[in-house]
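Each chain, letter by letter, is given below.
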Amino acid sequence: MKYMVMIAGNDEAWDRLSEGEQRASFERVRAWWDEHSAAGEIVEGYQLQPVSTATTVRQGPRGDVTVTDGPFIEAKETVGGYGILELPDLDAAIRLVSSWPGTYQTFEIRPVVER
Amino acid sequence: MGDWEVAEELVQEAAVSALEHWPRDGVPRNPGAWLMTAARRRAIDTLRRDARFRDRLSVLAEEANGMERPIATGGPLEADDRLRLIFTCCHPALSREAQVALTLRTVLGIETPAVARAFLVPEATIAQRLVRAKRKIRDAGIPYRVPEGSELPERLEQVLAVLYLVFNEGYLASGGEVVERRALAADAEWLTSLVVRLMPDEGEPLGLLGLMRLHLARAEARFGPDGSLILLPQQDRSRWDREAIAAAEELVERAGRMGRRGPYQLQAAIVAAHATSPSYAATDWARIVALYDELLEVQPMAVVALNRAVALAEYQGPGAALAAIEPLTGRLDGYHLFHATRGELLRRLGRAEEARAADQRALSLTENPGERRILEERLAASRGDPRPRS
C-alpha cells in the first residue's frame, strides 16, 4: 500500500537545539532516509522550508483568490516535511516512522488514493 | 483488507450454520474446534434464551473452557484467526469507541441493536461507528494479524483495555436492560479466557482474567435484592463464592510468576487481598497500600492515586487520605468518585458542611442509579431526613 506521512515538528523546540545538535539530528535522519529509500520503503519525499515561508492561497466560490502569509492552519506543530511510503500495511508504516532517528516529531500517516 | 472481510463473512456464516444445525443434529462433540468465537457466542446467546437447550449449553461451555488448545480440523477459521480478529478490532488506529463496538459486533457476534442498548447509544450511532471503523480497516490497511515482538505489549494492552471496559459495562450495570448488560460481563470474561488460552506466556491476560473472576465471585453480594449497590464494608461476605475466589487467586499468582507484574495483575492482587479477608475490619490495609504504590509506578494515573487514598484512609486515617487527594483536584474535578471520596473523608473528619458540598458535586456528575441512590442517602442522612424517595 501507498501512504503519505506528514512529519510535523515543533519549530520552537527545534530552534532551542544547539547548532551541533541540529547537525547531528540531520545526519541521522539522512542516513535513515537513504537506507529506507534504498529498500524501496520510502518512494520520495522532501524536507520543507520553515513554516515562516508558507503562503496560503484561498479560492473563493466565484474564482476570486486571496493570498495570505502563513500556513492554512495555525498550530503549534507544523508540517516540516513529507514522504511517500510503499509498505504492506499500516503496522509496517507505524513501525517505520516510529524508528525516525531525529529529534522527536509527530507523524500523520494517510493512505493515498490509488486509481 | 481481503482477509478481514473474509473473516467477517465466515463469522456470520458459521453462526448461521450453527443455529441451523445444532438444534437438528445436536451440538457437535468438539464445537470449539470448528466454530469461530462469534459463531459460538451467538449460538450460545440464542440457546441461553431457550430453556430446552439449557443442558446443551452447559456441555458446550464446559467443552469450550476445558479445551487446552483448540484442535484445527480444517474448519473455516482456527484459533489463530480468532486472535487476529481481536487484535484487528482493537487496533490503536481505531478510536476506543470503535474498538469496543467492533469487538462486540464482530468477535462476540452481538447484534447492532443490542450493542446500542448496552452502551445507551442510538442504534444509528453504533451502526455508523461500525461502518466507519470497517472502512478505515480496509482503506488504511490495518493488518489482520497478531503483532509480534516489541509491538505486542502495547497492542495487547489495547485488547485488554477493551475487554475490561466491556466487562465493567456489564458488571456495573444497574440501569435498564440489566440482564442483557450483565451478559456482557460474561462475554468479556469468556473472551479473556480465550486470549489466555491463545497467549499462554503472557501474564497480563491471566491477571485480567483473575481480576474479572474475583469480581464475579462477589457479584451476588454487591447488589441488594432491589438491585441497589452495596459498598464493600457493608457486603455480606458469606455470599461470596470462596471456591471461585481461591481459583481466581491461583490465576493471579500464576501470572505473578511470569515476570514483572503489570497493571491488571496488580489490580487483581489488590482485589484478591480484599476478597480473601474475613471481614472489612480485618483487611490488610498496609499490604493494599503497598500494592497501590507498586501500581502507581507502572500506571501513574490520578484515578489510581485516588483509590490508593481510599485504602490509606483505613490504614493511616482520613486526614492522611484527604491530604493525599487534594493535589488530584485539578485532574479529577469532573470525576464523581473523586468528590464522593472527598465527601466521605470530610464527613469522617467532622467537616459536615464541606462533606455535603462534595456529595452534591458528586451527585451532579453521575447518571448511574445505584451510585445516585447511595449519594442521595448520604445527603439525606446528613440533613437528618429519612431515606429519600427511591
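Residues numbered from 1 in each chain as written. Chains lettered and ligands numbered in written order. Predicted model: local features only at pLDDT ≥ 70, side-chain atom pairs only at ≥ 80, totals over all residues. Heavy atoms only, no water.

Summing up its helical and strand segments, chain B has 21 helices and 0 strands in all. Residue burial in chain B is summarised as follows: out of 390 residues, 50% are buried. Counting every atom, chain B has about 18200 Å² of accessible surface; 51% of that belongs to carbon and sulfur. (Helix = DSSP H or I, 4+ residues; strand = E, 2+ residues; numbered from the N terminus. Buried < 20%, exposed > 50% of the residue type's maximum accessible area, 1.4 Å probe, protein only. Areas by Shrake-Rupley, 256 points an atom, 1.4 Å probe, with all protein chains shown as cover.)

Attention now goes to the sheet that holds strand 5 (residues 77–86) of chain A. Residue and element names in this part refer to chain A. Here 4 strands make up an open sheet; going across it, the order is 2-5-1-6 and the pairing antiparallel. A single partner strand is all that each edge strand has here, and the edge strands are strand 2 (42–47) and strand 6 (106–111). Along the sheet, successive strands turn relative to each other by an average axial angle of 20 degrees, direction set aside. Bridge analysis of strand 1 (residues 2–10) against strand 5 gives 9 bridges, and the strand direction is antiparallel. Bridge assignment links Met4 to a residue of strand 5, and that residue is Ile84. Across the sheet, helix 2 (residues 19–38) is in contact with strand 1, strand 2 and strand 5; its angle to strand 2 comes to roughly 155 degrees. (Pairing = 2+ DSSP bridges. Axes fitted to C-alpha atoms, helices over the stretch in contact; angles between N-to-C directions. Contact = heavy atoms within 4.5 Å.)

If you walk through the whole model with that rule in mind, you get 9 aromatic pairs over all chains. A ring pair is formed by Trp100 of chain A and Phe107 of chain A, whose centres lie 5.5 Å apart and whose planes are at 65 degrees; its orientation type is edge-to-face. Given a relative accessible area of 17%, Trp100 of chain A falls into the buried group. With centroids separated by 5.3 Å and ring planes inclined at 70 degrees, the aromatic side chains of Tyr280 of chain B and Trp285 of chain B adopt a geometry described as edge-to-face. Take Trp285 of chain B: its relative accessible area is 9%, and that puts it in the buried class. Among the aromatic residues, ring-to-ring pairing joins Trp32, Trp33, Trp100 and Phe107 of chain A into one connected group. Above the plane of the ring of Trp240 of chain B lies Arg218 of chain B, whose end atom (NZ or CZ) is 5.2 Å from the centre. (Phe/Tyr/Trp six-rings, centres within 6.5 Å; stacked < 30°, edge-to-face > 60°. Lys NZ or Arg CZ within 6 Å of the ring centre and 35° of its normal.)

A few words on the pattern of salt bridges. Residues and elements named next belong to chain B. Considering all chains together, one arrives at 25 salt bridges over all chains under this definition. Note that Glu314 is salt-bridged to Arg348, the shortest N-O span being 3.2 Å. Remark: Arg348 occurs in helix 19 (residues 336–348) and Glu314 occurs in helix 16 (residues 302–316); sequence separation between them is 34 residues. Between Arg378 and Asp359 there is a salt bridge whose closest N-O contact spans 2.9 Å. One end of the pair, Arg378, is in helix 21 (residues 369–383); the other, Asp359, is in helix 20 (residues 352–365), and 19 residues separate them in sequence. Comparing Arg378 with Asp359 shows no difference in burial state: the two are buried. In this structure, a network of salt bridges that share partners links the residues Glu314, Glu344, Arg347, Arg348, Asp359 and Arg378. (Salt bridge = Lys/Arg side-chain N within 4 Å of Asp/Glu carboxyl O.)

On the side of chain B, 11 residues touch chain A, which itself brings 8 residues to the contact. For the chain A and chain B pair, buried surface summed over both sides reaches about 720 Å², with 54% attributable to carbon and sulfur atoms. Across the contact surface, chain A and chain B share 3 salt bridges. The interface formed by chain A and chain B contains 6 residue pairs in polar contact (both at pLDDT 80 or more). Looking at the side of chain A that touches chain B residue by residue, the class counts come to 5 nonpolar, no polar and 3 charged. (Buried area = accessible area lost by both parts, 1.4 Å probe. Polar contact = N/O pair within 3.5 Å; in protein donor to acceptor, adjacent residues only side chain to side chain. Nonpolar A, V, L, I, M, F, W, Y, C, P; charged D, E, K, R; others polar.)

Gaps left between atoms are located by rolling a probe of water-molecule size over the structure's atoms. Residues and elements named next belong to chain A. What the second largest pocket holds in volume is close to 820 Å³. Forming the walls of the second largest pocket are 30 residues, and the residues nearest its centre are Trp14, Phe26, Gln47, Gly80 and Gln105. Going through the elements one at a time, strand 1, helix 1 (11–15), helix 2, strand 2 and strand 5 are the ones with two or more residues in the lining of the second largest pocket. A total of 5 residues in the lining of the second largest pocket trace back to one element, the largest contributor, which is helix 2. Grouping the amino acids of the lining of the second largest pocket by side-chain chemistry returns 15 nonpolar, 12 polar and 3 charged. (1 Å grid on protein atoms, 1.4 Å probe; cavity = no way out; pocket = protein on both sides within 12 Å on 5 of 7 lines; lining within 4 Å. Points joined across faces, edges and corners; volume = space filled by probe spheres on them.)

Take the nonpolar core next. Leu85 of chain A together with Ile86, Leu104, Leu163, Leu191, Leu208 and Leu214 of chain B are the most contacted members of the largest nonpolar core, which has 77 residues in total. Here the element with the most residues in this core is helix 9 (residues 152–171) of chain B; it accounts for 11 residues. Other than its neighbours up to four places away in sequence, Leu208 of chain B contacts Leu160, Leu163, Tyr164, Thr192 and Tyr264 of chain B. Counting 15 residues, the second largest nonpolar core, distinct from the first, contains Leu306, Ile325, Leu346 and Ala358 of chain B. (Core = buried A, V, L, I, M, F, W, Y, C linked by side-chain atoms within 4.5 Å.)

Residues and elements named next belong to chain A. Considering all chains together, one arrives at 1 cavity of 30 Å³ or more under this definition. Estimated volume of the largest cavity: approximately 50 Å³. For the largest cavity, the full set of lining residues is Val5, Ile7, Trp32, Trp33, Ile42, Gly83, Leu85, Leu96, Val97, Trp100 and Phe107. A per-class count over the lining of the largest cavity returns 10 nonpolar, 1 polar and no charged.

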